[in-house]
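As a plain string of letters, each chain reads:
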Amino acid sequence: MRSSPLSLLISIISAITLSHAMILSTKDLKCGFLGCGTIAAAIATGLASSSDEEVTFSHFHVSKRSASKSAALLSRFGPDKITICESGDNQEILDSSNVIFVCVLPSQLEEVLSKVKFDHERHTIISLVSTSTLPQLISLSSLPPTSVFKMICLPSVATHDGTCLLVPKSETVKKILLPLGGCVGCESEDIMTKMMIPACLMGPMYAIMKGNLDWMVKNGVPAEDASYYIGRTYLGIAKDAEAKCTDPKHFTDLIEEQTPGGINQQAIENLTKLGALDSYDKAMDKILERLTGRGDGKA
Ligand SMILES: NC(=O)c1ccc[n+]([C@@H]2O[C@H](COP(=O)([O-])OP(=O)(O)OC[C@H]3O[C@@H](n4cnc5c(N)ncnc54)[C@H](OP(=O)(O)O)[C@@H]3O)[C@@H](O)[C@H]2O)c1
């Protein structure tokens, strides 16, 4: 009996998926970095210093670009772990690696990817380029969709403190990224964009702390004492927030555990009444508008 075109397509996709699953293991990974700037150096540092026994990295191949950063990686981890591609030919990095992190600027992406040839049997790419999309990466690399990923993280991955966002979901790639400080697999690029918003509220968080500092100093507290106390107090608050963060009810629990009729409960009520918490929602809408190109993000 002849197979229908649809069943043929399904069996081809299954074969690709199966062969990919067999190729990408979490042992003896060889990571290549296209671009060696801030984020590439942070990821390489985080992975090379990982003590996770589930995922092992045998070598890191980095471009010579941003020479001070590539040299710092070599000096810290040594030639057994790091090779700098002296020729400047990105193809050499691909030929020596199986997981390729794309860490160039948005304006450099097309030129860099169009000049190299990926190997379907071996390569998985993970793009850090903020403006890149999965269809664009698949088209530029000619790799099957199962080998193409987009990731977002902050430079704190260098110290295993940066939680990565990954799309599409993949248990294997997630395992590879976990040593960087955690990883959330996103259902779609659209969900990933929405997940990015708390990281865009880092600035406002510092602005709140600075506001606390200015208010305390204005009211007679020595600046050094105020600064030290604010930094340490918010750290304690953040640790409590992180402790059970896998439970979505955790933040509600923390709010409910504030003393009934106490000052924290009243501060929540006051800020709600003054519109401060609502304005956070509105600011998040504006960030989303800007991230999706639907507006300039201005309130
Ligand atoms: N910084 C962050 O916190 C962060 C976080 C998440 C995502 N990202 C994304 O990551 C990407 C890189 O950001 P970044 O902050 O790391 O920028 P960056 O420090 O400017 O790094 C860009 C790197 O690309 C290199 N490069 C340029 N042309 C190249 C080529 N033809 N072949 C190989 N390498 C080339 C640059 O080398 P030269 O310096 O020698 O020109 C530099 O090492 C961006 O797309 C950004 O959106 C950044």
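None of these values were measured; they are calculated from a predicted model. (Residues numbered from 1 in each chain as written. Predicted model: local features only at pLDDT ≥ 70, side-chain atom pairs only at ≥ 80, totals over all residues. Heavy atoms only, no water.)

(A) Region of the structure containing the overall build of the chain. The number of helices and strands found in the chain is 13 helices and eight strands. Dimensions along the principal axes, computed over C-alpha positions, put the chain at roughly 75 × 55 × 40 Å. Taken as a whole, the chain presents about 17800 Å² of accessible surface, with 59% of it coming from carbon and sulfur. Here the chain carries 28 positive and 33 negative side-chain charges, and the mean point of each set is 3 Å from the other. (Helix = DSSP H or I, 4+ residues; strand = E, 2+ residues; numbered from the N terminus. Areas by Shrake-Rupley, 256 points an atom, 1.4 Å probe, with all protein chains shown as cover. Lys, Arg positive; Asp, Glu negative; His and termini not counted. Charge placed at Lys NZ, Arg CZ, Asp CG, Glu CD.)

(B) Region of the structure containing the domain arrangement of the chain. Looking at the assigned domains, one finds that the chain contains domain 1 (12–195) and domain 2 (199–291). If you average the C-alpha positions of domain 1 and of domain 2, the two centres end up 34 Å apart. (Domains from an automatic or database assignment.)

(C) Representation of the layout of surface pockets. Of the pockets and cavities examined, the second largest pocket occupies roughly 190 Å³. Every residue along the wall of the second largest pocket is listed here: Ser-130, Thr-131, Ser-132, Thr-133, Lys-150, Ile-152, Glu-189, Met-192, Thr-193, Met-196 and Leu-291. Breaking the lining of the second largest pocket down by element, the ones donating at least two residues are β6 (148–152) and α8 (189–195). No other element matches the three residues that α8 contributes to the lining of the second largest pocket. Here the lining of the second largest pocket is built from residues that sort into four nonpolar, five polar and two charged. (1 Å grid on protein atoms, 1.4 Å probe; cavity = no way out; pocket = protein on both sides within 12 Å on 5 of 7 lines; lining within 4 Å. Points joined across faces, edges and corners; volume = space filled by probe spheres on them. Nonpolar A, V, L, I, M, F, W, Y, C, P; charged D, E, K, R; others polar.)

(D) Structural view of the site of the ligand. In the neighbourhood of the ligand, 19 residues make up the surrounding shell, with Cys-36, Ile-39, Ser-66, Val-104 and Ser-130 lying closest. In this structure, an oxygen atom belonging to the ligand sits 3.1 Å away from a main-chain N or O atom of Gly-37. Thr-38 places a polar main-chain atom, nitrogen or oxygen, 3.0 Å from an oxygen atom of the ligand. Burial of the ligand by the protein chains amounts to 74% of its free accessible area of 900 Å². (Near = heavy atom within 4 Å. Polar contact = N/O pair within 3.5 Å; in protein donor to acceptor, adjacent residues only side chain to side chain.)

(E) Spotlight on the packing of helix α2 (residues 38–48) against helix α3 (residues 67–77). Between α2 and α3, the least distance of the axes is 10 Å, while the angle of their chain directions is 10 degrees. Taken as axis vectors, α2 and α3 run roughly parallel relative to one another. On α3, the residues touching Thr-38, Ala-41, Ala-44, Thr-45 and Ala-48 of α2 are Lys-69, Leu-73, Arg-76 and Phe-77. Of the residues belonging to the contact of α2 with α3, the class tally is five nonpolar, two polar and two charged. (Axes fitted to C-alpha atoms, helices over the stretch in contact; angles between N-to-C directions. Parallel < 35°, antiparallel > 145°, perpendicular 65-115°, else oblique. Contact = heavy atoms within 4.5 Å.)

(F) Layout of the environment of Gly-295. In this structure, Gly-295 sits in the segment after α13 (276–291). With relative accessibility at 30%, the residue Gly-295 sits in the partly exposed group. The residues touching Gly-295, leaving out its near neighbours within four places in the chain, are Glu-289 and Arg-290. (Buried < 20%, exposed > 50% of the residue type's maximum accessible area, 1.4 Å probe, protein only.)

(G) How the structure looks around the UniProt feature "domain: Pyrroline-5-carboxylate reductase catalytic N-terminal" (unreviewed entry) in the chain. If you check UniProt for "domain: Pyrroline-5-carboxylate reductase catalytic N-terminal" (unreviewed entry), the listed places come out as residues 31–129 in our numbering. End C-alpha to end C-alpha, residues 31–129 measures 17 Å, and it is 34% helix and 23% strand. (UniProt positions renumbered as here; feature names shortened; annotations may be inferred.)

(H) Spatial organisation of α2. A large share of α2 lies buried, amounting to 10 of its 11 residues. Ile-39, Ala-40, Ala-41, Ala-42, Ile-43, Ala-44, Thr-45, Gly-46, Leu-47 and Ala-48 are the residues of α2 that are buried. Structurally, α2 contributes buried residues whose contacts are with β1 (29–34), β2 (57–63), α3, β4 (99–102), β6 and α7 (171–177).

(I) Structural detail: the packing of aromatic side chains. In this structure the tally under the stated criterion is three aromatic pairs. Ring geometry for Phe-33 against Phe-101: centres 4.9 Å apart, planes inclined by 10 degrees, an arrangement best described as stacked. Of this pair, Phe-33 sits in strand β1 while Phe-101 is found in strand β4, placing the two residues 68 residues apart along the sequence. Each of the two residues, Phe-33 as well as Phe-101, counts as buried. An aromatic cluster of at least three residues, connected via ring pairs, comprises Phe-33, Phe-57, Phe-60 and Phe-101. (Phe/Tyr/Trp six-rings, centres within 6.5 Å; stacked < 30°, edge-to-face > 60°.)

(J) How the structure looks around the side chain of His-59. You can see His-59 is positioned in strand β2. Of the residues examined, His-59 reaches a relative accessible area of 13% and is grouped as buried. Side chain to side chain, His-59 and Thr-83 meet in a polar contact 2.6 Å long. Among residues more than four places away in sequence, those in contact with His-59 are Leu-29, Lys-30, Cys-31, Pro-79, Asp-80, Lys-81, Ile-82 and Thr-83.

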